[in-house]
Structure formats: structure tokens, C-alpha cells
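Structure at a glance
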Amino acid sequence: MTGSTALNASRRSAELTALSDGETVDIIVIGGGITGTGIALDAATRGLSVVLVEKHDLAFGTSRWSSKLVHGGLRYLATGNVGIARRSAIERGILMTRNAPHLVHAMPQLVPLLPEMNMASRALVRVGFSAGDGLRRLAGTPATTLPRSRRVDASTAISLAPTVRRQGLDGALLAYDGQLVDDARLVTAVARTAAQHGARILTRVAASDASRDSVTLTDTLTGESMSVSARAVVNATGVWAADVDDSLKLRPSRGTHLVFDAAAFGNPTAALTVPIPGEINRFVFAMPEQLDRVYLGLTDEDAPGPIPDVPQATPAEVTFLLDTVNTALDTKLRPDDVKGSYAGLRPLIDMGGGKKGESRTADVSREHAVTESPSGVISVIGGKLTEYRYMAEDVVNRTVQLRGMAAGVCRTRNLPLVGAPSNPVATLRSSADLPGSLVARFGAEAPNVIARASCSRPTDPVADGIDVTRAEFEYAVTHEGALTADDILDRRTRIGLVAEDRARAEDTAKEILAETAFRAGNRE
């Protein structure tokens, strides 16, 4: 079954009204991040009736705060987690070649060979990169999609990362990994693909009193509540999982990134990869990103205590990231060069660490677990973004088994997401005359963004110097479920990462929201 991929206020209202009639659905998924939307897609494509509820917006939590990398698992291989390494490489290949080739591309990672990097460290990186090539081959990902690693000379290293320190530079080691144009866009694509297959995706709907076969849903826009019956209730709320099931134990870990103008790094085309002094297998990355930015990350710090809606970078983390990257730069970066920052909390499973002398969060397993609480709620905790599809398959398999539901086999390994060339919503029109930034964010759907725009000057930028068009803001509202200016600025686009850019684009977001609501009202 395929239907409309458009998520918007009208569809949300109609689906909430229909849900209030008292039907029993197969699965209610709580949480609108990458894990929850992945579960909704997997279940819907097996023929199950699915409702996903999210109390804020799609990708509101951890799913928008990642490094935008689809890891091949090299780090996990180095620490002996062969299973995660192999699965990560396989899932990366599936995303890059089948699910989302429009959103995930090969990113060069450059490790500069500077004098303080001794021969043993260089050998370790070379062996690691060779192992990464082996993982790629094992996963069946062609070298045309993800090139082989190699050593490059100093001039090539400088061309890829122009601000790298030149004194003593003895070339560099170059490898490739998967990079998302944006993690929040992946979540939106998965959610819309789930809707295409019949799932009801409901944002601004809070869940409470969850049990084995029912949950209370509250529309946070109107305050109206209803009790909905289901054959299974799945908790996919990430670091907030214990709020739904208090029997769960998590150990959140904070990962922080800094945002720079790309010019501060000489407009690099490779991610500058800098070893953390005193660490064996940890690096910071200065990664070229959309909107002419570079993101520098990442930290891995215990984050005990209450879970904030929007975590904040600490001054110590900012200092750590700057100090580390500056070891590899000719011109040192200063705090004034930082244009923005973001931090996310990893939903790690509490293995009993966290006390003095026990394991760091950097050493805690990234495995996921599927549990059933005493109340009957099925929860998924742990895991990592790259493995979201595999995690969703595992959760739905377990749910179907536990509840004795009749369902088809998993179809997501070969399922193109919205925007992939082979998804039915893709247009046959050429993207050749469209802005490259638009195509990077929407793939084969890009012509539809312009063709379906009703706003004035659809191809104009939303503000001077920002390569997001007015049509993209409108599409966020009419097709991607954005209900507020924050949804547009902070999640459908990432303009909000830099406060100055947010301020310049906010009026346009509000204008297009108002115009779209007016037109929708006239049609009703």
C-alpha cells in the first residue's frame, strides 16, 4: 500500500479525529526520533496498523544532535565489538545504496601525519583504515560508493583541509565514511515514508499511562485527551525512556559539537580528523556541512541528573574541542570563532558504571536492548543512529512474537525512502536547473518542492547568504509536518544552529506559516 507522504496540520487533525472513534490499532509507537520512526516504517510495511506519537516535533531529541555520520563501525572493531562493527558497515551500505542514497554520501576523513604522531600511532591508524576497507567489502558496499583508504602527500592534504598545520606535515592518511546531509532530514524522510505506507504520524501528542494494551494521548495544542487501545505499545523515547517505563536504567552521555563558518577552516572538503592527546582510539572531527558550516565534535561525557529537552554544551567541552583541534591547525581557533553549538544525549544502557574508577561513557557498549516492562510496555533502549533500521526490525520482530500478531516479513532492507530515486514519490523532472543545496536536501523530490510552492518568489533565499529557498520553508509546512517556526528553523532546516541566521530567517518562517494556514483555511 502506498499513499500520500504529505504530513501537515490538516492530516494531523483528520487522523486524530479518526483515532478518537475508538478503533484498536496494532502498534502505538511513542517517540518521533530515528528509532521510533524506523519502527513505524517497519511495522507499516508489514501490513500492521501503526500510530506514532511525539510530544514535541519529529527529531526533537537526540536524533538531531548527532555528528551527521553514518559510521561503518571501525571504532567498535577496534574495541572488540565485532558484531556492532559488522552490522554498522552493513547498515551504512544499505543506507548509501538503497534506502537513502540522496541523503548519505561518502565523506573523506583526513588524519594529518604531524611530528607528534609517533610511528606506532600511525601504524595503528593505517591498520584501522585497512580494517575499515575490509568491513566495507564484507558489507558488500562498492568502492564506487565508498572509496578505499590511502595515504596522500602533503599538498593533497592541504588541498582537502587548507588550515592544517604545515610545519612537519608528512602527508596524511585518508579514509571514507558515510555522511548525512542532515540527521533530522533522515528522520523526516523515514516518517514520511512510514506515512506513505499507512502509518499515522502525530506530533504535539503526549503519551501517558502507557500499558500493555492502551495509552492515553493528549493533543498538546488543544489539551484534549483520549484513551487508545492497541495490541502493543512500544516505547522508543531514547533518553526519556524511563519516563514511560520507570523500570529502565539508562546512563546518558553528552556529545557536544561546535559550529563554525566553513571559511574558518579554509572551506575544507574533507573532515580533519585529529587524535585526542593521550587516547588510543578517539578523535575529534572538523566536518564540512551544509549551509557553509563546519561542525567540530565530539565529546563523550557522563550526563547524570534530570534530562533536559535541549542539552547545552559546557564551557569545559568547548575548551576541550578547541584545544584538541588546534593541535593540528596553523592558525589557532578562538572562542570568538564559534558561531553556535549543540549537544545531544546518547541513550546508553546503564551497565553499572558511572562511579569513580568505573568505566567512562566512551567505553560503554552501543548495543541496544528490547525489554518488556511489568506493565507490558515494550521498550527499546541503547543503540546508535546508523543501526536504526536493524533496531526497528528487531523491535517489530519481538513485538509480533510477544503479541502473536500476524504480520509480513521485514521489507526495509530494500525500501527507498522519500527522495530516493526509486521511491514512487520521486519526480521524473530533471533537477539540473535547481540549486545544488536543494537537491542535496531533497534528492529526487527536489523538483516537487518548487513545483508545488504557492508562496511568492519560491526560489528566493529565505535571507541573504542562506542557501535555503522560500519554497523549502513552505514544503516543510505542507509536506513535512512543521507546525511552528521553530520546527522549520531548527529541524526541517538547521538554520537555527546559528543565532544570527535564525534571527534573519525567522520573519520569513512566520510569514510562510501564516500564508499556508490562510490558504488551507480557505480550502476547508
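It should be emphasised that the depicted structure is a prediction, and the values quoted were computed from it without experimental measurement.

1. Quick notes on the packing of helix 4 (residues 82-99) against helix 10 (residues 388-403)
The geometry of helix 4 relative to helix 10 is characterised by a closest axis approach of 9 Å and an angle of 105° between their N-to-C directions. In terms of orientation, helix 4 and helix 10 fall into the roughly perpendicular class. Residues R87, E91, I94, L95 and N99 of helix 4 form the contact with helix 10, whose own contacting residues are Y388, R389 and Y390. Within the contact of helix 4 with helix 10, the residues separate by chemical class into four nonpolar, one polar and three charged.

2. Thoughts on the pairing of strand 4 (residues 104-112)
Burial analysis of strand 4 places seven of its nine residues in the buried class, which makes it a mostly covered element. As defined by bridge partners, strand 4 adjoins strand 6 (residues 172-180) across nine bridges and the pair is classed as antiparallel. Its bridge partner being in strand 6, A106 is matched across the sheet by G178. Examined bridge by bridge, strand 4 and strand 12 (residues 271-275) share two bridges and lie parallel to one another. Looking at strand 12, one finds that L110 is bridged to L272.

3. Focus: the environment of S13
Along the polypeptide, S13 turns up in helix 1 (residues 9-19). When its relative accessible area of 42% is taken as the criterion, S13 is described as partly exposed. Sequence spacing of S13 and L202 is 189 residues, and the spatial spacing of their C-alpha atoms is 9.0 Å.

4. Structural notes on the domain arrangement of the chain
The domain architecture assigned to the chain consists of domain 1 (9-61 + 184-245 + 363-414), domain 2 (64-181 + 250-358) and domain 3 (436-522). Between the C-alpha centres of domain 2 and domain 3 there is a distance of 30 Å. The interface of domain 2 with domain 3 comprises 15 residues on the first partner and 15 residues on the second. Interface area, domain 2 with domain 3, both sides summed: about 1,200 Å², of which 54% is carbon and sulfur.

5. Comments concerning the packing of helix 4 against helix 5 (residues 119-139)
Where helix 4 contacts helix 5, the axes come no closer than 8 Å and their chain directions differ by 60°. One way to sum up the angle between helix 4 and helix 5 is to call them oblique. Both helix 4 and helix 5 take part in a crossing whose hand is right-handed. Residues A85, R86, A89, I90 and R92 of helix 4 form the contact with helix 5, whose own contacting residues are L135, R136, L138 and A139. Within the contact of helix 4 with helix 5, the residues separate by chemical class into six nonpolar, no polar and three charged.

6. Concerning the confidence of the model for the chain
Confidence in the prediction for the chain averages 93 pLDDT; 94% of positions are at 70 or higher. Across residues 354-358, confidence stays below pLDDT 50; counting only partners more than four residues off in sequence or on other chains, it has five contacts.

7. Quick look at the packing of aromatic side chains
All chains considered together, the criterion is met by four aromatic pairs. Measuring from ring centre to ring centre gives 5.6 Å for Y295 and Y342, while their planes differ by 80°; the resulting arrangement is edge-to-face. Here Y295, found in strand 14 (residues 293-297), pairs with Y342, found in strand 16 (residues 340-346); they are 47 residues apart in sequence, far enough to count as distant. For Y295, a relative accessible area of 3% translates into the label buried. Between F442 and Y475 the ring centres are 5.8 Å apart and the planes differ by 80°, which places this aromatic pair in the edge-to-face class. With F442 in helix 11 (residues 436-442) and Y475 in helix 13 (residues 470-478), this pair connects stretches of sequence that are 33 residues apart. No difference in accessibility class separates F442 from Y475, as the two residues are buried. Of note, R64 hangs over the ring of F60, and the distance from its end group to the ring centre comes to 5.0 Å. The cationic tip of R185 hangs over the ring face of F442; the distance from NZ or CZ to the ring centre is 4.3 Å.

What counts, and at which threshold
Residues numbered from 1 in each chain as written. Predicted model: local features only at pLDDT ≥ 70, side-chain atom pairs only at ≥ 80, totals over all residues. Heavy atoms only, no water. Axes fitted to C-alpha atoms, helices over the stretch in contact; angles between N-to-C directions. Helix = DSSP H or I, 4+ residues; strand = E, 2+ residues; numbered from the N terminus. Parallel < 35°, antiparallel > 145°, perpendicular 65-115°, else oblique. Contact = heavy atoms within 4.5 Å. Nonpolar A, V, L, I, M, F, W, Y, C, P; charged D, E, K, R; others polar. Buried < 20%, exposed > 50% of the residue type's maximum accessible area, 1.4 Å probe, protein only. Pairing = 2+ DSSP bridges. Domains from an automatic or database assignment. Buried area = accessible area lost by both parts, 1.4 Å probe. Left-handed = near helix turned anticlockwise from the far one by under 90°. pLDDT = per-residue confidence, 0-100. Phe/Tyr/Trp six-rings, centres within 6.5 Å; stacked < 30°, edge-to-face > 60°. Lys NZ or Arg CZ within 6 Å of the ring centre and 35° of its normal.

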